[in-house]
Amino acid sequence: MQSQASEDSVHMFMADTLSSLLQEIHSIPTPEILSEKLADIRSRITTILSADPSQTNYYKNHTGRELNRKLYTFGLADQIIGDYDSGFRPK
């Protein structure tokens, strides 16, 4: 039998989707907050894509695109790394 904490973490993981991350990234208001959350965001993206590689296109076209847009907008383009590069380049 699983403990309540374990069950909660399973439900929280299942609720962590690229779509929810997209909304979270979109709502980040400052470069400082994005910098603070970037490692966690990347870790969560890796976990989601490792569990379901079929989500790669959604990542490239939505979540990754928004992450790159925010990084560029906030002057943090040097934080884009190959593993998390959606290929999107704002004009």
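The structure under discussion appears in the preceding block.
Basis of the calculations
Along every chain, residues carry numbers that run from 1 in the direction the sequence is written. Only residues with pLDDT of at least 70 get local features here, since the model is predicted, and only at 80 or more are side-chain atom pairs given and counted; chain-wide, interface and lining totals rely on the full set of residues. Working from all heavy atoms in the structure, the side-chain values ignore hydrogens and water. Numbering of helices and strands starts at the N terminus; helices are DSSP runs of H or I of at least 4 residues and strands are runs of E of at least 2. With a 1.4 Å probe rolled over the protein chains alone, any residue whose accessible area is under 20% of its type maximum counts as buried; one over 50% counts as exposed, and the rest are partly exposed. For accessible areas, the Shrake-Rupley method is used with a probe of radius 1.4 Å. Any residue's cover is judged against the shown protein chains and nothing else. Criterion for a salt bridge: a side-chain nitrogen of Lys or Arg within 4 Å of a carboxyl oxygen of Asp or Glu. In these notes, a set of buried Ala, Val, Leu, Ile, Met, Phe, Trp, Tyr and Cys residues joined through side-chain atoms within 4.5 Å is what counts as a nonpolar core. Throughout, a residue-residue contact means that at least one pair of heavy atoms, one from each residue, lies within 4.5 Å.

A. Quick peek at the overall build of the protein chain. Looking only at helices and strands, the protein chain has 4 helices and 0 strands in total. When the elements of the protein chain are put in sequence order from the N terminus, they spell out α-α-α-α. Residues classed as buried in the protein chain amount to 30% of the 91 residues present. Total accessible area on the protein chain stands at roughly 5800 Å², and carbon and sulfur atoms take up 54% of it.

B. Region of interest: the pattern of salt bridges. The final tally for this structure, using the stated rule, is 4 salt bridges. Among the ionic pairs, Arg-44 bridges to Asp-16, the shortest N-O distance being 2.9 Å. Separated by 28 residues along the polypeptide, Arg-44 in helix α3 (residues 31-51) and Asp-16 in the loop between α1 (4-15) and α2 (18-26) bring together distant segments of the chain. Of the two residues examined, Arg-44 and Asp-16, each falls in the buried class.

C. Main features of the nonpolar core. Counting 17 residues, the largest nonpolar core has Leu-18, Leu-34, Ile-41, Ile-45, Tyr-59, Leu-67 and Leu-71 as its most contacted members. Of all the secondary-structure elements, those providing two or more residues to this core are α2, α3 and α4 (56-73). Per-element accounting of this core gives the leading share, 6 residues, to α3. If we skip the residues at most four places from it in the chain, Ile-45 touches Leu-18, Leu-21, Tyr-59, Leu-67 and Tyr-84.

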